[in-house]
Amino acid sequence: MAEIIVTTSGKGGVGKTTTSASIASGIARRGKKVAVIDFDIGLRNLDLIMGCERRVVYDFVNVIQGESTLKQALIKDKRIETLFVLAASQTRDKDALSLEGVRKVLDELIADGFDYIICDSPAGIEKGAHLAMYFADRAIVVVNPEVSSVRDSDRILGLLASKTQRAEKDESKVKEHLLLTRYSPKRVAAGEMMSVDDVKEILGIEVIGVIPESPDVLAASNAGTPVILNAESDVSLAYEDAVARLLGETVPLRFLEEPKKGFFARMFGG
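Described in the following lines is the structure provided in the data block. Keep in mind that what you see is a predicted model, and the values were worked out from it rather than measured. (Residues numbered from 1 in each chain as written. Predicted model: local features only at pLDDT ≥ 70, side-chain atom pairs only at ≥ 80, totals over all residues. Heavy atoms only, no water.)

### Quick word on the overall build of the chain
- When you go through the chain residue by residue, the secondary structure sums to 13 helices and eight strands.
- The C-alpha atoms of the chain give a radius of gyration of 18 Å, which matches the 18 Å a tight globule of 270 residues would have.
- Counting only residues that meet the buried cut, the chain has 53% of its 270 residues in that class.
- Approximately 12600 Å² of the chain is accessible, and the part contributed by carbon and sulfur atoms is 49%.
- The averaged location of the 40 negative side-chain charges in the chain is 2 Å from the averaged location of its 35 positive side-chain charges. (Helix = DSSP H or I, 4+ residues; strand = E, 2+ residues; numbered from the N terminus. Rg over C-alpha atoms; globule rule 2.2 N^0.38 Å. Buried < 20%, exposed > 50% of the residue type's maximum accessible area, 1.4 Å probe, protein only. Areas by Shrake-Rupley, 256 points an atom, 1.4 Å probe, with all protein chains shown as cover. Lys, Arg positive; Asp, Glu negative; His and termini not counted. Charge placed at Lys NZ, Arg CZ, Asp CG, Glu CD.)

### Observations concerning the pattern of salt bridges
- Using the criterion set out here, one finds 15 salt bridges in the structure.
- Here Arg 29 and Glu 240 are joined by a salt bridge, their closest N and O atoms 2.3 Å apart. Of the two residues, Arg 29 is situated in the loop between α1 (16–28) and β2 (34–38) and Glu 240 in helix α12 (residues 234–246); the sequence distance between them amounts to 211 residues.
- Linking Glu 81 and Lys 76 is a salt bridge whose minimum nitrogen-to-oxygen distance equals 2.8 Å.
- With a relative accessible area of 58%, Glu 81 lands in the exposed category. (Salt bridge = Lys/Arg side-chain N within 4 Å of Asp/Glu carboxyl O.)

### Description of empty space enclosed by the protein
- Tallying each qualifying case throughout the model produces one cavity of 30 Å³ or more.
- Roughly 40 Å³ of volume is contained in the largest cavity.
- Along its surface, the largest cavity is lined by Gly 209, Val 210, Ala 238, Asp 241, Arg 245, Leu 253, Arg 254 and Phe 255.
- Looking at the lining of the largest cavity, the elements that each hand over two or more residues are β8 (206–212) and α12.
- Counting residues per element, the lining of the largest cavity draws most heavily on α12, which supplies three residues. (1 Å grid on protein atoms, 1.4 Å probe; cavity = no way out; pocket = protein on both sides within 12 Å on 5 of 7 lines; lining within 4 Å. Points joined across faces, edges and corners; volume = space filled by probe spheres on them.)

### Observations regarding the layout of surface pockets
- The calculated volume of the largest pocket comes to roughly 440 Å³.
- Looking at the largest pocket, it is lined by 26 residues, and the ones nearest its centre are Gly 13, Gly 15, Lys 16, Thr 17 and Thr 18.
- Where the lining of the largest pocket is concerned, the elements lending two or more residues are α1, α2 (46–49), β7 (175–183), β8 and α11 (216–223).
- It is α1 that contributes the most residues to the lining of the largest pocket, three residues altogether.
- Classifying every residue of the lining of the largest pocket gives ten nonpolar, ten polar and six charged. (Nonpolar A, V, L, I, M, F, W, Y, C, P; charged D, E, K, R; others polar.)

### Re the nonpolar core
- Grouped together as the largest cluster of nonpolar side chains are 51 residues, with contacts concentrated most on Phe 39, Phe 60, Leu 86, Leu 109, Ile 117 and Leu 160.
- In terms of residues, this core owes the most to one element, helix α7 (residues 147–162), which gives five residues.
- Apart from the residues lying within four places of it in its own chain, the contact partners of Ile 117 are Ala 2, Glu 3, Ile 4, Ile 5, Ala 35, Ile 37, Leu 106, Leu 109 and Ile 110. (Core = buried A, V, L, I, M, F, W, Y, C linked by side-chain atoms within 4.5 Å. Contact = heavy atoms within 4.5 Å.)

### Concerning the packing of α1 against α12
- One way to put it is that α1 packs onto α12 with a least axis distance of 9 Å and a crossing angle of 65°. Considering how the two elements wind past one another, α1 and α12 form a crossing that is right-handed. In this structure, α1 contributes Thr 18, Thr 19, Ser 22, Ile 23, Gly 26 and Ile 27 to the contact, and α12 contributes Tyr 239, Ala 242, Val 243 and Leu 246.
- The residue inventory of the contact of α1 with α12, partitioned by class, reads six nonpolar, four polar and no charged. (Axes fitted to C-alpha atoms, helices over the stretch in contact; angles between N-to-C directions. Left-handed = near helix turned anticlockwise from the far one by under 90°.)

Distances and angles like these do not, on their own, reveal function.
See below:
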């Protein structure tokens with residue numbers, strides 16, 4: 001049975017789509033069949049980060065409205081055999097999505113043997129975000145370690161607890177995971193940023209990953225490559241750790257402290 005995972009947050013610009021692309025790629029590299037769906041109708045970005053924007057012929061809305069089959073709309077990743085992308089529409093508005101339409105697409109993906117379906121949610125609490133989380137089994141709540149992002153994410157946790165299919169059917173709740181992005185131990189030490197423990201204490205959910213602040217994220221996005229595929233980056237290692245934890249492995253958190261400078265760096269200010 002497929003597992004449906006929503007990547008969500010209350011605030012925009014925190015790294016949801018980067019996270020969706022990297023988590024989907026990381027799981028698929030482990031041999032699982034993965035589909036990642038862009039729910040941000042009208043403002044699609046997932047296809048850019050996945051490097052398949054020129055291959056989009058049909059999109060999520062086309063499938064929902066019967067203008068194409070799911071097979072026609074799914075884009076197979078050129079780097080990972082078991083990874084597929086379903087792009088959002090750029091020309092429709094969010095009212096083009098419907099609960100029954102989303103259910104139909106998810107049911108078809110499950111019937112086609114997908115192991116994981118990653119739903120890349122738009123920010124906030126509007127219709128697209130609600131539909132992205134409605135059928136979820138698990139949620140990755142993406143947070144920057146600053147007050148407004150944490151506050152907005154608290155609202156998202158409330159919706160996950162009350163406005164999902166699991167909540168309405170009184171089933172076991174959506175399992176929530178906290179992923180911190182753009183984390184800088186130097187700024188935490190200077191009191192400019194909340195620590196992992198601060199955020200965890202406020203939101204009260206398990207930390208599945210801490211992604212360090214790095215220019216590698218922007219470089220990967222501009223290159224159309226999920227940053228997890230940049231093996232030389234600490235960001236890649238952090239996302240690999242998050243994937244491992246998501247799949248049930250026990251992996252210690254890294255990148256919580258500033259790397260210590262070597263002797264020559266201390267002597268010569270390197």
